[in-house]
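The residues making up each chain are set out below.
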Protein chains: 4
Amino acid sequence: MKFADIVQSADWKAEKHVPVIDAPATVKAGDKVAIEVGVGKEIAHPNTTEHHIRWIKLYFKPENGKFAYELASFEFNAHGESVEGPNKGPAYSEPFGKVVVKLGGSGTLLATAYCNIHGLWESSREIKVEA
Amino acid sequence: MKFADIVQSADWKAEKHVPVIDAPATVKAGDKVAIEVGVGKEIAHPNTTEHHIRWIKLYFKPENGKFAYELASFEFNAHGESVEGPNKGPAYSEPFGKVVVKLGGSGTLLATAYCNIHGLWESSREIKVEA
Amino acid sequence: MKFADIVQSADWKAEKHVPVIDAPATVKAGDKVAIEVGVGKEIAHPNTTEHHIRWIKLYFKPENGKFAYELASFEFNAHGESVEGPNKGPAYSEPFGKVVVKLGGSGTLLATAYCNIHGLWESSREIKVEA
Amino acid sequence: MKFADIVQSADWKAEKHVPVIDAPATVKAGDKVAIEVGVGKEIAHPNTTEHHIRWIKLYFKPENGKFAYELASFEFNAHGESVEGPNKGPAYSEPFGKVVVKLGGSGTLLATAYCNIHGLWESSREIKVEA
Ligand SMILES: [Fe+3]
Ligand SMILES: [Fe+3]
Ligand SMILES: [Fe+3]
Ligand SMILES: [Fe+3]
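The shown structure was predicted, so the numbers you read here are calculated from the model rather than taken from an experiment.

Reading the values: the criteria
Residues numbered from 1 in each chain as written. Chains lettered and ligands numbered in written order. Predicted model: local features only at pLDDT ≥ 70, side-chain atom pairs only at ≥ 80, totals over all residues. Heavy atoms only, no water. Least-squares fit on C-alpha atoms with pLDDT ≥ 70 in both. Donors = N, O, S within 2.8 Å, 3.2 Å for Na, K, Ca; no water. Buried < 20%, exposed > 50% of the residue type's maximum accessible area, 1.4 Å probe, protein only. Helix = DSSP H or I, 4+ residues; strand = E, 2+ residues; numbered from the N terminus. Pairing = 2+ DSSP bridges. Axes fitted to C-alpha atoms, helices over the stretch in contact; angles between N-to-C directions.

## Considerations on the relation of the copies chain D and chain C
Phase 1: Between the two copies, chain D and chain C, the superposition gives an RMSD of 0.0 Å; the rotation angle is 180° and the shift along the axis is 0.0 Å. As the rotation angle and translation indicate, the two copies are arranged about a two-fold axis.

Below is the structure:
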């Protein structure tokens, strides 16, 4: 079995698990650029002790390079857990993250998201970096 | 030795390692609220293959609760590494993260940040949650 | 509030949340040495969808150095979650981890563990490194 | 671009980046079973400030289930970094991890490993779980 067999993809407008990558289409090389990733942009995903998005990872594959880099990893760790029972706790983390990066060349941003009961989901988005 | 002995604190305006927590002073219970954490707000921290901020964690300690919750963990994983040598790579992740949370009561936000050569740093900030 | 205020400690023979560090008392500098960390060595901790140990982190504070290093971070991510409901899933991760390290000098190993409802716990252990 | 395009695979006897999964071929349902993952079993991978294995993740895809579960995530965070310069530090984490799991049915274990300059690598291994 290959890892590809367990990573699911779909249109994020129809499927609530797909991580959406928000980034400018074009940036300047070396400039600081904010990239946001989130699950449930169009259709909210549940956020309960029993069912939630646990993490999102963001990668960058340079056009002129063979290997991908992990830019950031976001873990969402509070989902209503409590000594008083599930969904009685005071804190919930929603599946949205932001990171600031500097890129030296064009390439592809790729995100993977993990739902604790629906497994792994992916998406990608081109980013053009001008010299 | 206690864990407290290895977590350093200081004024973030004078010390570049201290994680700054940006959050509203007062929020409504159950509302979605964005919290940003970052290192180097006033004085930039280096971001090189050899020296960088690796992660920031954000916790919430409810006023009316004994135990703290981890809200989110942010890892910054690209720091110019490359097969062509250190600081030749195309990607750098800056130490800034954002998460969206819902809180059920007042408490304290606490952040810890980890520099790969200067160790652990902390800060905290009150957040008032109105019913 | 300081981070120390939210990290709890106790005797691991009496308190099931305390992370136990298993390592040789003395090692040779530069030798590969296995270090195990675990929660619940004497008294098992629950492992359910609603209540479980989420992670353990292991640090090293050199005797002759000001700053601590993070050696490893272990996340335990499967706790019976399932589309069929909590505790119906096929997989449970127990809170035990092992890492192999090489150390260049004596110091202290420190572990922190996070229970999703009982928060943060710590312990430490000296390790002597002979030249 | 699909995530599969950035995850590399190869025979671990010939390629030092491939994560090796050590687990019994057959286990009893619900029994605690130790699973070890490691990179460089046959050919050691470098472990320097500039080039190292950053993490390994371990997943389980049940035969009778549509979605994969993340069992554990291991981060290796010390690679000789130091205020005295790269590779002068006192601590190195080798890319080996162990976790203890309980499984309820047969399936496939999958591991991904991340080298900070050579990107993502994968492998998998069947595990038979007897009632
Ligand atoms: Fe889901
Ligand atoms: Fe630093
Ligand atoms: Fe507990
Ligand atoms: Fe490599």
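Having seen the structure, we can now continue with the description.
## Describing the coordination of the iron ion (ligand 4)
Phase 1: At the metal site, the iron ion (ligand 4) is ligated by His17(D) (NE2), His45(D) (NE2), His51(D) (NE2), Cys115(D) (SG) and His118(D) (ND1), and these contacts range over 2.1 to 2.4 Å.
Phase 2: By relative accessible area, His17(D) is classed as buried at 4%.

## Focus on the coordination of the iron ion (ligand 2)
Residue and element names in this part refer to chain B.
Phase 1: Those protein atoms acting as donors to the iron ion (ligand 2) are His17 (NE2), His45 (NE2), His51 (NE2), Cys115 (SG) and His118 (ND1), and they sit at 2.1 to 2.4 Å.
Phase 2: The sequence pattern formed by the donor residues of the iron ion (ligand 2) is H-x27-H-x5-H-x63-C-x2-H. Of this pair, His51 sits in the loop between β4 (32-39) and β5 (53-62) while His118 sits in the loop between β8 (107-115) and β9 (119-130), and the two are 67 residues apart along the sequence.
Phase 3: Judged by relative accessible area, which is 12%, His51 ranks as buried.

## Overview of the sheet that holds strand β2 (residues 19-22) of chain B
Phase 1: Pairing in this open sheet of 6 strands is antiparallel, and the strands run β2(A)-β4(A)-β7(A)-β7(B)-β4(B)-β2(B) from one edge to the other. Each edge of the open sheet carries a strand with a single partner, namely β2 (19-22) of chain A together with β2 of chain B. The sheet shows a mean angle of 25° between the axes of neighbouring strands, taken without regard to direction.
Phase 2: Sheet analysis places strand β7 (residues 91-103) of chain A next to strand β7 (residues 91-103) of chain B, joined by 9 bridges and oriented antiparallel. Residue pairing across strands places Glu94(A) opposite Val100(B), the latter belonging to β7(B).

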